[in-house]
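# Residue-level structural notes
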Amino acid sequence: MTLALLFPGQGSQAVGMGAALADAFQSARDVFAEVDEALGQKLSVLMREGPEDQLTLTENAQPALMAVSVAAVRALKVEFGFDAAAAAYVAGHSLGEYSALAAAGALSLSDTARLLKLRGQAMQRAVPVGKGAMASLIGPKTDLALAEAAAAAGSEVGVCVVANDNNAGNIVISGDKAAVDRAIEKAKELGARAIPLNVSAPFHCPLMQAAADEMAAALASATIVAPAVPVIANVTARPERDPEAIRRLLVEQVTGRVRWRESMEWMATKGGVTRFVEVGSGKVLTGMAKRIAPDAESLPLNTPEELEAFAKSL
């Protein structure tokens, strides 16, 4: 069985996430303590107790989601003897790419936490609140061609691009609010449902260039080594192990499209993956995997019971 580990992105956060892992495993508690120390804040308390509006802030949600994912990976190794290096590939959705890199040993846990804190702050600073918007285009008629057509209509009045190609029937657009509003109208004309997203900034579009510049400066001094297993890069949907290429692609990712559908299709077909395992908070990527690669097994790992069952199944 060829295995890929998947790491969730923003939107999968919830108050209480990671608490069961921390209660069950010292190894998970050690991860949360190291993240707290790296950030100089009690992020673990915010994760366990809330309030939700503080946890949802981009600068908190990003390192928090990474911490839960890495805690699960650490517990799998320490408690059950499963090393992430046994996977064929790792991949993460947006910020989840940092979790994947940490899990594969390309970035240290402390550096990953600090980079994601900065990434969240930089993304928030890049565009004034209310200027940008994102919307999810959903429904059986929604495909990349429809989303591109809607974004093109929006581009007539401002910046509007496809931000996340998640799977057929679920594609996200991002850009100037007026442009996204226009794109929503066009998408509805073309037969898609369009849902404005409650986000603080228009991620993965050219409006994030200032954030990309900040991340370029931060990543320039970060220590990145070759990961133990190839990481599927969001912006290319292909495996990567070269540290300097990874550094460049993480910068491009801030303004670039998350090519998740293509990443999953590549792993399922070219990469021969037969089992997708979502490590961390929530089950969003598990649902996507079942739609993109229905012949493969897909399962979430975010509770002690799920970790134990997974280890026994190997």
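Before reading further, recall that the structure is shown in the block above.
Quick look at the structure, then.

Analysis parameters
Residues numbered from 1 in each chain as written. Predicted model: local features only at pLDDT ≥ 70, side-chain atom pairs only at ≥ 80, totals over all residues. Heavy atoms only, no water. Buried < 20%, exposed > 50% of the residue type's maximum accessible area, 1.4 Å probe, protein only. Helix = DSSP H or I, 4+ residues; strand = E, 2+ residues; numbered from the N terminus. Arc of directions from axis to C-beta. Contact = heavy atoms within 4.5 Å. Salt bridge = Lys/Arg side-chain N within 4 Å of Asp/Glu carboxyl O.

Within helix α14 (residues 304–313) the residues assigned to the buried category are P304, L307, F310 and A311. Relative to the axis of α14, the buried residues are bounded by an arc of 130 degrees and lie together on one face. Seen from the buried face of α14, the exposed residues on the opposite side, beyond 90 degrees, are E305 and K312. For α14, the secondary structure elements touched by its buried residues are β1 (3–7), α1 (19–24), α5 (58–80), β9 (275–279) and β10 (297–301).

Moving on, we get to the pattern of salt bridges. The full count for this structure, using the stated rule, is 17 salt bridges. Measuring nitrogen to oxygen at the nearest pair gives 3.3 Å for the salt bridge that ties D83 to K77. A residue is classified by how much of its surface remains accessible, and K77, at 47% relative accessible area, is partly exposed. Two residues, K131 and D176, come together in a salt bridge whose shortest N-O distance is 2.6 Å. Note that K131 is positioned in the loop between α7 (109–126) and β3 (132–138) and D176 in strand β5 (residues 170–176), a separation of 45 residues in sequence. Look at K131 and you get partly exposed, because its relative accessible area is 39%. Residue D176 is classed as buried on the basis of its relative accessible area of 14%.

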